[in-house]
There are 2 protein chains.
Amino acid sequence: MNNVQEKKSRSGPRRGLREEHRERLVACAEAAIAAGGLPALRARDLAACAGVSLGAIYNLVEDLDELTLLVGQRTMARLDAALGRVEGRGGSGDVGAQLIAWARAYAGFAAEHHELWRALFEFRMARPRDFPEWFAAAQTRVFERLEATLAPLVPALDAAQLRARARALFAAVHGIVALGIEGKLVALPAEAIDAELVAFVETYVAGLRKIGAAP
Amino acid sequence: MNNVQEKKSRSGPRRGLREEHRERLVACAEAAIAAGGLPALRARDLAACAGVSLGAIYNLVEDLDELTLLVGQRTMARLDAALGRVEGRGGSGDVGAQLIAWARAYAGFAAEHHELWRALFEFRMARPRDFPEWFAAAQTRVFERLEATLAPLVPALDAAQLRARARALFAAVHGIVALGIEGKLVALPAEAIDAELVAFVETYVAGLRKIGAAP
């Protein structure tokens, strides 16, 4: 029985206390990232915040990578909820209006939870490895919403193609939102972003309709 | 006369030596970022690489922010050259083919100069302030290419609208390219990116044509 299984098999009050400490640690990490981004994630500060010893952190999580992914999982669950709240806006028949509502909800989430959102994209694991299954599952839920909205416009695509197309659209919208918020290489005034998002989605949807209608 | 002007007014061999040191420092910073990303930019290592004392760095550049922007300027000049090499591909009349060539050149540059390209987008100044004019000018050159390619498809836009539209398209393409290379929240196999880029540009161009043709 390896160490992970051993931890999982713990039960009773001992396990409850560990879970409690672990949740407190994730909440501390989330607060640190929300305040100062990924550079604010320092083991010593986290230990103080969670009320555990420095060494005890590594009994609660494997490493800071896992801790960051746990925060990312929470961020994605919030994003998923924010995107879910606008689902069906604009009438179920109007895919263009639904996609605009989706893009605006995404932009709103990025503005509201700027550092947590940014951390999702900037995080690089100190020890690169595949994402754990629970993290991949949280990703998938976010994309499935967009796949469902997009599907009526691309009836000719199979499931794998639809998945890729929805992720590419997600990435395009993400790119436009990021450009307004970050103001790095790609600078555009934040107030222009909403108009550009709307123009972009309208153009993209018109293109899908045109290509779909072509012989 | 302030300190900056004083430095600028230096001339003769003294100035020549300073320029030489400064260029060596920028080359060292570029090599460091290319090898290990922004976290690899450490003053002590840079001083050793450039053969100057630690304190002398701050006679050559204002701070590490300025040094990073100088590297960014070089990266953008390379990007501009890479995008310029495919200009006119697909015939000057076929805007769709030109935009696909542009997007592929951008994806190729990002893959080839991954860390330098990534640094452009992840860099946050330790002392936030407006970008210097020479940096903004390097940005503008990259966008002007895309504006010129896009212009025939959006004849109704004025110059400011065209500028915003080109930057939004840049950001969308950037988003799709980044998703293949980074594999973070938005995961798509790298080999799917080319097909998605082509489908995306074709859809977007079809949409622009449809909207342009609408009464």
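Since we're looking at a predicted model, the values are computed, not measured. (Residues numbered from 1 in each chain as written. Chains lettered and ligands numbered in written order. Predicted model: local features only at pLDDT ≥ 70, side-chain atom pairs only at ≥ 80, totals over all residues. Heavy atoms only, no water.)

Asker: Quick question: what am I supposed to make of the overall build of chain A here?
Answerer: For chain A, the count of helices and strands is 10 helices and zero strands. Reading the helices (α) and strands (β) of chain A from amino to carboxyl end gives α-α-α-α-α-α-α-α-α-α. Looking at the 215 residues of chain A, the share that counts as buried comes to 51%. If you take every contact in chain A between residues at least 6 apart in sequence, the share linking residues at least 24 apart comes to 68%. (Helix = DSSP H or I, 4+ residues; strand = E, 2+ residues; numbered from the N terminus. Buried < 20%, exposed > 50% of the residue type's maximum accessible area, 1.4 Å probe, protein only. Contact = heavy atoms within 4.5 Å.)

Asker: Explanation requested: the nonpolar core in the structure shown.
Answerer: Among soluble globular proteins, nonpolar side chains are generally buried collectively. Counting 100 residues, the largest nonpolar core has Tyr106, Val173 and Phe200 of chain A together with Tyr106, Leu150, Val173 and Phe200 of chain B as its most contacted members. In this structure, Tyr106 of chain A is in contact with Leu79, Leu83, Trp117, Phe121, Phe170, Val173, His174 and Val177 of chain A, ignoring residues within four places of it in sequence. Core analysis: the second largest hydrophobic core is formed by 21 residues, Ala29, Ala50, Val52 and Val71 of chain A among them. (Core = buried A, V, L, I, M, F, W, Y, C linked by side-chain atoms within 4.5 Å.)

Asker: I keep staring at the interface of chain A and chain B and nothing clicks. Help me out?
Answerer: Interface size, as often reported, equals the accessible area lost upon joining of the parts. Taken together, the 40 residues of chain A in the interface contact 40 residues of chain B. Regarding the contact of chain A and chain B, the summed buried area is about 3,800 Å², with carbon and sulfur atoms giving 67% of it. At the junction of chain A and chain B, the tally comes to two salt bridges. Across the chain A-chain B interface, the total number found is two residue pairs in polar contact (both at pLDDT 80 or more). Going through the elements one at a time, helix H7 (114-122), helix H8 (133-150), helix H9 (159-182) and helix H10 (190-213) of chain A are the ones with two or more residues in the side of chain A that touches chain B. (Buried area = accessible area lost by both parts, 1.4 Å probe. Salt bridge = Lys/Arg side-chain N within 4 Å of Asp/Glu carboxyl O. Polar contact = N/O pair within 3.5 Å; in protein donor to acceptor, adjacent residues only side chain to side chain.)

Asker: What is the right way to read a positive patch on the surface from this model?
Answerer: A contiguous patch of positive charge on the surface is contributed by Arg209 and Lys210 of chain A together with Arg209 and Lys210 of chain B. Looking at the positive patch, the elements that each hand over two or more residues are H10 of chain A together with helix H10 (190-213) of chain B. Assignment of secondary structure puts Arg209 of chain B in helix H10. Judged by its relative accessible area of 39%, Arg209 of chain B is partly exposed. (Patch = residues over 30% accessible without salt bridge, like charges linked within 9 Å, V, L, I, M, F, W, Y side chains within 5 Å. Areas by Shrake-Rupley, 256 points an atom, 1.4 Å probe, with all protein chains shown as cover. Lys, Arg positive; Asp, Glu negative; His and termini not counted. Charge placed at Lys NZ, Arg CZ, Asp CG, Glu CD.)

Asker: Even after reading the chapter, I still don't get the pattern of salt bridges, so can you show me in this structure?
Answerer: Side-chain pairing between opposite charges can occur once the charged atoms of the two side chains come close. Going through the model one piece at a time under the given rule, you end up with 24 salt bridges over all chains. For Glu122 of chain B, the salt bridge is made with Arg118 of chain B, and the minimal N-O distance between the two is 2.8 Å. Taken together, the residues span about one helical turn, with Glu122 of chain B and Arg118 of chain B both in helix H7 (residues 114-122) at a distance of four residues. For Arg118 of chain B, a relative accessible area of 3% puts it in the buried group. One network of salt bridges, in which partners are shared, links Glu30, Arg74 and Arg78 of chain A.

Asker: I keep staring at helix H3 (residues 43-50) of chain B and nothing clicks. Help me out?
Answerer: Residues and elements named next belong to chain B. Looking at H3, one finds that the buried residues are Ala43, Leu46, Ala47 and Ala50. For H3, the angular spread of buried residues about the axis comes to 100°, placing them on one side. In H3, the exposed positions angled more than 90 degrees off the buried face are occupied by Arg44 and Ala48. In the segment just after H3, Gly51 is the residue with positive phi, at about 70°. (Arc of directions from axis to C-beta.)

Asker: Would you mind showing me how to read the packing of helix H5 (residues 64-85) of chain B against H7 of chain B here?
Answerer: Any two packed helices are characterised by the angle at which their axes cross and by the distance between the axes. Residues and elements named next belong to chain B. Between H5 and H7, the shortest axis-to-axis distance is 10 Å and the interhelical angle comes to 120°. When the axes of H5 and H7 are compared, the pair comes out oblique. Viewed along their axes, H5 and H7 form a crossing whose handedness is left-handed. Taken together, the residues of H7 that come into contact with H5 (itself represented by Val71, Gly72, Thr75, Met76 and Arg78) are Leu116, Trp117 and Leu120. Classifying every residue of the contact of H5 with H7 gives five nonpolar, two polar and one charged. (Axes fitted to C-alpha atoms, helices over the stretch in contact; angles between N-to-C directions. Parallel < 35°, antiparallel > 145°, perpendicular 65-115°, else oblique. Left-handed = near helix turned anticlockwise from the far one by under 90°. Nonpolar A, V, L, I, M, F, W, Y, C, P; charged D, E, K, R; others polar.)

Asker: Sorry, what's going on with the relation of the copies chain A and chain B here?
Answerer: Expressed as a screw transformation, the operator carrying chain A onto chain B has a rotation angle of 180° and an axial translation of 0.0 Å, and the superposed copies differ by an RMSD of 0.0 Å. Classification of the inter-copy transformation places it as that of a two-fold axis. Taken together, the interface assignments show that 100% of the residues at the interface of chain A recur at the interface of chain B, consistent with an identical surface on both copies. (Least-squares fit on C-alpha atoms with pLDDT ≥ 70 in both.)

Asker: Sorry, what's going on with the state of the cysteines here?
Answerer: Structurally, a disulfide amounts to a covalent bond that connects the sulfur atoms of two cysteines. Residues and elements named next belong to chain A. Within the structure shown, the criterion is met by two disulfides over all chains. Between the sulfur atoms of Cys28 and its disulfide mate Cys49 the distance is 2.0 Å. Judged by the torsion about the S-S bond (-85°), the Cys28/Cys49 disulfide is left-handed. Residue Cys28 is located in helix H2 (residues 12-36), and its partner Cys49 is located in helix H3 (residues 43-50); the two are separated by 21 residues in the primary sequence. Judged by its relative accessible area of 8%, Cys28 is buried. (Disulfide = S-S within 2.5 Å.)

Asker: In this structure, what is going on with the environment of Phe131 of chain A? I would like to understand it.
Answerer: Residue and element names in this part refer to chain A. By the secondary structure assignment, Phe131 is in the loop between H7 and H8. For Phe131, a relative accessible area of 24% corresponds to the partly exposed category. Between the C-alpha atom of Phe131 and that of Glu66, which follows or precedes it by 65 residues, the distance is 9.3 Å.

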